[in-house]
Amino acid sequence: MSLLDRFRDRVGSSAATTGDPLVDDLRAALSPERVKTDGAQRSLLGKDASVFDGGSAGPICYPVSTAEVVEIMRIAQVHERAVVPRGAGTGLAGGAIPLGAPIVVAVTKMTSILEIDEANGVAWVEPGVINLDLTRQLTPLGYHFAPDPSSQQVCTIGGNVANNSGGPHCLAYGVTNSHVAAIEVVSPAGEVIMLGGLDPEPDGYDLRGVFVGSEGTLGIATKVAVRLTKNRPAVRTLLMSFASVRDAANTVSDVIAAGIVPAAMEVMDQRITEAVENYVGAGYPTDAAAVLLAEVDGPDEGIDIDADRIAEIGRGNHATMVRVAADDTERALLWKGRKTAFGAVAQIAPDYYLHDTVVPRSALADVLDEIYAIADRHDLLIMNVFHAGDGNLHPLIVFDGRDEGVLDRVHAAGGEIIEASLAAGGVLSGEHGIGVEKQKYMDRLFSDADLEHQNRLRRAFDPVCRANPGKVLPMGHSCADIQQLRSVPTGVWG
Ligand SMILES: Cc1cc2nc3c(=O)[nH]c(=O)nc-3n(C[C@H](O)[C@H](O)[C@H](O)COP(=O)(O)OP(=O)(O)OC[C@H]3O[C@@H](n4cnc5c(N)ncnc54)[C@H](O)[C@@H]3O)c2cc1C
């Protein structure tokens, strides 16, 4: 009996047939309503929030349990199809774009917070739980989930894990990797495995750490034990303005050099500040070349000493204004401005490319100068809003995709931003991941031997490149060339 016949024998074939054996099998295993094949859905899920296209979704599955994800993986195996995990689709590196018409596994119906285990300091959650929903559920108990991407109102915990996401408050608290204790994963072979554990010093290899940031290439996370972070007893939020971006960037470097690690240090240039102010009226000065939002937290004692010291360092770097948020309402408004910055640019143009590189803090000011020059060379509008404390730049190229040839200029400028960041001793991504966006630059950062070991690791989890092929590793390395995979279909899905 063939694998396919054995599978059909096991699940039964009661569902009405569609004429496509893959879809029939998926519908028999899930339910017809949770396996979509219509053009509108496939077109929508053929993209993510990046500027990269070329996606072509196969059947789209909405599982509600680990057991269903296992079934999908087994069906994928039988039909020799690739599988792409998907959360909210807010990724900015094209990680969730389906290449070669794979089965798309959207975990957005797996949204339960299964258990809040205060004794072990974790919550077990399903991967489709939205980041901010988790924090909202934890807040009354005195906890929150520390990684706070600006997309936190919509992005999922599964996506956060897969991209090792960060956020403004990850400067002091660390990115997602520091906040995940264990992950239940359905492997590309359809096995359920547990990576990591609740023991503070788990034995064996740290496969949990390997999975975090693996961008859907090692399997599908179906349950995550996230660490509970205690709510902060006291907070001070400072708003400073500067006559140059360089002064703001130098303030950031000097604060860290002084041994202070604020909870957050975010810089916005004048262009983005104006857009935000017009959008939400957060109280930012619009005449400043840059504003710096710095936040310190901790026990009441000592917090004002740090806040005063940061203000003093700002003034030493020619701050034209220093203000401390008077209360929680003002603090929330200041953060609302920062977190809605990307939405605010819709007033200027319909499209944007939000870039992500990291440079040494000491190089921030020089690289920013270079980024403005790149924009001028390509006749593009670039705004800068970034997690300055860890050198994580987010140049935001704002454009109208309907303009002839503009996308070519956007991609050319994007490439030059990467070159400038690498030349300054930086790295490819602070938090958005590699996806398809930065794949071709991986060999600039890693040697052949480095990449070969990454290749072998990926193949150990996924010998046949079932999980999210065509991403992360560059051409010539594992699972990069989807045309060479046996599972690339043609015809209606092609
Ligand atoms: C306006 C805006 C602001 C943003 N701000 C930030 C920010 O401050 N910090 C930051 O880090 N990112 C930010 N992002 C990027 C993005 O929101 C994050 O990368 C987020 O974690 C992606 O989550 P998602 O649910 O949308 O995942 P998706 O985009 O659906 O998927 C992202 C990757 O994860 C994989 N994946 C998804 N779910 C699973 C799963 N269950 N198991 C295995 N793999 C899975 C996918 O295959 C893909 O490779 C921003 C994006 C936007 C649009």
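Residues numbered from 1 in each chain as written. Predicted model: local features only at pLDDT ≥ 70, side-chain atom pairs only at ≥ 80, totals over all residues. Heavy atoms only, no water.

**Observations concerning the side chain of Thr-156**
Using the following cut-off: Only DSSP runs of H or I reaching four residues or more are called helices, and only runs of E reaching two or more are called strands; each is numbered from the N terminus. Between buried and exposed lies partly exposed: a residue is buried under 20% and exposed over 50% of the maximum accessible area for its type, with that area taken using a 1.4 Å probe on protein chains only. Polar contact is the term for a pair of N or O atoms within 3.5 Å; when the atoms are in protein, one must be able to donate a hydrogen and the other to accept it, and sequence-neighboring residues count only if both atoms are side-chain atoms.
Within the secondary structure layout, Thr-156 lies in the loop between strand E7 (143–144) and helix H6 (157–163). Under the relative-accessibility criterion, Thr-156 is labelled buried at 3%. Here the side chain of Thr-156 touches Gly-159 through a polar contact of 3.0 Å, landing on its backbone nitrogen.

**A look at the packing of helix H2 (residues 21–29) against helix H4 (residues 66–78)**
Rules: Note on geometry: axes are C-alpha line fits, over the in-contact stretch for helices, and angles between N-to-C directions span 0 to 180 degrees. Note on angle classes: values under 35 degrees are labelled roughly parallel, values over 145 roughly antiparallel, values of 65 to 115 roughly perpendicular, and the remainder oblique. The crossing is said to be left-handed when, going from far helix to near helix, the turn is anticlockwise and less than a right angle, and right-handed when the turn is clockwise. Note on contacts: a residue pair qualifies if any of its non-hydrogen atoms lie within 4.5 Å across the two residues. Under the scheme applied, nonpolar residues are Ala, Val, Leu, Ile, Met, Phe, Trp, Tyr, Cys and Pro; charged residues are Asp, Glu, Lys and Arg; polar residues are all the others, including Gly.
Between H2 and H4, the least distance of the axes is 10 Å, while the angle of their chain directions is 160 degrees. Considering the angle they form, H2 stands roughly antiparallel to H4. The two elements H2 and H4 meet at a crossing, and its hand is right-handed. Residues Leu-22, Asp-25, Leu-26 and Ala-29 of H2 pack against Glu-68, Glu-71, Ile-72 and Ile-75 of H4. Class assignment for the residues of the contact of H2 with H4 results in five nonpolar, no polar and three charged.

**Let's talk about the nonpolar core**
Worth spelling out the cut-off: Think of a nonpolar core as a cluster: buried Ala, Val, Leu, Ile, Met, Phe, Trp, Tyr and Cys residues, connected wherever their side-chain atoms sit within 4.5 Å.
Counting residues in hydrophobic clusters, the biggest one holds 52 residues, and the most contacted among them are Met-265, Val-267, Ile-310, Leu-393 and Ile-397. The element best represented in this core is helix H14 (residues 364–377), accounting for eight residues.

**Description of the sheet that holds strand E10 (residues 220–227)**
Heads up, the rule is: In this description, strands pair whenever DSSP reports at least two bridges between them.
Spatial strand order, E5-E6-E10-E8-E9: five strands in an open sheet with antiparallel pairing. Both edges of this open sheet fall to strand E5 (113–117) and strand E9 (192–196), since each of them pairs with a single strand only. Adjacent strand axes in the sheet meet at a mean angle of 15 degrees, parallel and antiparallel pairs treated alike. H4 contacts strand E8 (180–186), E9 and E10 of the sheet and is inclined by roughly 45 degrees relative to E8.

**Observations regarding the site of the ligand**
Cut-off, in case you're wondering: The criterion for a residue being near a molecule or strand is simple. One of its heavy atoms has to lie within 4 Å of it. Here the accessible surface of atoms and residues is derived via Shrake-Rupley with a 1.4 Å probe, and residues count as covered only by protein chains that are part of the display.
The environment of the ligand is formed by 35 residues, the closest being Pro-85, Thr-90, Ser-151, Thr-156 and Ser-165. The separation between an oxygen atom of the ligand and a polar main-chain atom of Glu-215 is 3.1 Å. Note that a nitrogen atom of the ligand is positioned 2.9 Å from one of the backbone N or O atoms of Ala-221. When the ligand is considered free in solution it has 970 Å² of accessible area, and contact with the protein chains removes 96% of it. Of all elements in the fold, only strand E3 (83–86), H6 and E10 reach the threshold of two or more residues within the shell around the ligand. The dominant element in the shell around the ligand, judged by the number of residues it contributes, is H6, at five residues.

**Some details on the domain arrangement of the protein chain**
What counts is decided by this rule: Start and end positions for the domains come from either an automated domain assignment or a database one. Buried surface area refers to the total accessible area, computed with a probe of radius 1.4 Å, that the two partners give up upon joining, counted for both partners together. A carboxyl oxygen of Asp or Glu within 4 Å of a side-chain nitrogen of Lys or Arg is what we treat as a salt bridge.
For the protein chain, the domain assignment lists domain 1 (3–108), domain 2 (113–230), domain 3 (234–342), domain 4 (349–423) and domain 5 (439–484). Look at where the C-alpha atoms of domain 2 and domain 3 centre, and you get two points 29 Å apart. Listed per partner, the contact involves ten residues of domain 2 and twelve residues of domain 3. Both faces considered, domain 2 and domain 3 share a buried interface measuring about 860 Å² in area, 56% of it formed by carbon and sulfur atoms. Connecting domain 2 to domain 3 are one salt bridge. In this structure, Asp-148 engages Lys-339 in a salt bridge whose closest nitrogen and oxygen atoms are separated by 3.0 Å. Counting the contacts that link domain 2 with domain 3 gives five residue pairs in polar contact (both at pLDDT 80 or more). Taken together, the residues that form the side of domain 2 that touches domain 3 break down as six nonpolar, three polar and one charged.

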